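# Structure at a glance
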Amino acid sequence: MTPLKIGACLKAEEIAPHRDWLFDSARDIELQDFVSHAGLSSAYEDRIAAAISALDGHTGRRGIHGPYEGLDMDNKDAELQPLITARFIKALEAAERVGARQVVLHSPYNAWFHNNRLARPDYAETLLETIHTIMDPVVRDAEARGVTLVIENIVDVDPAHRRLMMESFGSDAIALSIDTGHAQIA
């Protein structure tokens, strides 16, 4: 069995002090530069350039953490859904541009879902429909780019729901993290 190698979750500006440790052993790096609205809008090109520069010479696997600040894949507001889809697709573009093969996203199956899933007979199905409205174009884009969306279990109460969601897409472009998701390249 190949021994596990610890990687790191860092912003591009944080790589330099750890460069030898990260690069000499080709460790996994998960970039944290694209989690916010600024990282995918006003600061986007600067963060792409910083990541490409910081990763120059890195031969290990790369991923990015996608956006999560106010961008829930189960958002019920029909006016916000296209924006969320667009931001997730922008994260896929960022991943491709910096040579990352995965984008980590937060699971929508949180304590609220867990505590309210029996409130209505169709609650889970309606939630999954909303997720597909937002995520179907994202999954198709991930397939086209050869990037995997990794759904992180950071907020799950019961990971079985996250697994069923992932399986409902019928795509190799969406997977589950094997722990809290950080620096775990699928």
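As the structure is a prediction and not an experimental result, all values here were calculated from the model. (Residues numbered from 1 in each chain as written. Predicted model: local features only at pLDDT ≥ 70, side-chain atom pairs only at ≥ 80, totals over all residues. Heavy atoms only, no water.)

## A closer look at the pattern of salt bridges
One pass over the full model with this rule turns up eight salt bridges. Taking the shortest distance from any N to any O, the salt bridge between Arg61 and Asp28 comes out at 2.8 Å. With a gap of 33 residues between them, Arg61 in the loop between helix H2 (44-54) and strand S3 (62-65) and Asp28 in the loop between helix H1 (19-24) and strand S2 (29-31) connect regions that are remote in the sequence. Residue class for Asp28 comes out buried when judged on its relative accessible area of 9%. The salt bridge involving Arg162 is made with Asp156; its shortest N-O contact spans 2.2 Å. Overlapping salt bridges bring together Glu45, Glu93 and Arg97 as one network. (Salt bridge = Lys/Arg side-chain N within 4 Å of Asp/Glu carboxyl O. Helix = DSSP H or I, 4+ residues; strand = E, 2+ residues; numbered from the N terminus. Buried < 20%, exposed > 50% of the residue type's maximum accessible area, 1.4 Å probe, protein only.)

## What to know about the packing of helix H3 (residues 81-97) against helix H5 (residues 123-145)
Closest axis-to-axis distance for the H3/H5 pair is 9 Å, and the angle between their directions is 20°. Between H3 and H5, the interaxial angle falls into the category roughly parallel. Relative to H5, H3 is oriented so that their crossing is right-handed. Where H3 abuts H5, its residues Gln81, Ile84, Thr85, Phe88, Ile89, Leu92, Glu93 and Glu96 lie against Thr130, Thr133, Ile134, Met135, Pro137, Val138, Asp141, Ala142 and Arg145. Of the residues in the contact of H3 with H5, the class split is nine nonpolar, four polar and four charged. (Axes fitted to C-alpha atoms, helices over the stretch in contact; angles between N-to-C directions. Parallel < 35°, antiparallel > 145°, perpendicular 65-115°, else oblique. Left-handed = near helix turned anticlockwise from the far one by under 90°. Contact = heavy atoms within 4.5 Å. Nonpolar A, V, L, I, M, F, W, Y, C, P; charged D, E, K, R; others polar.)

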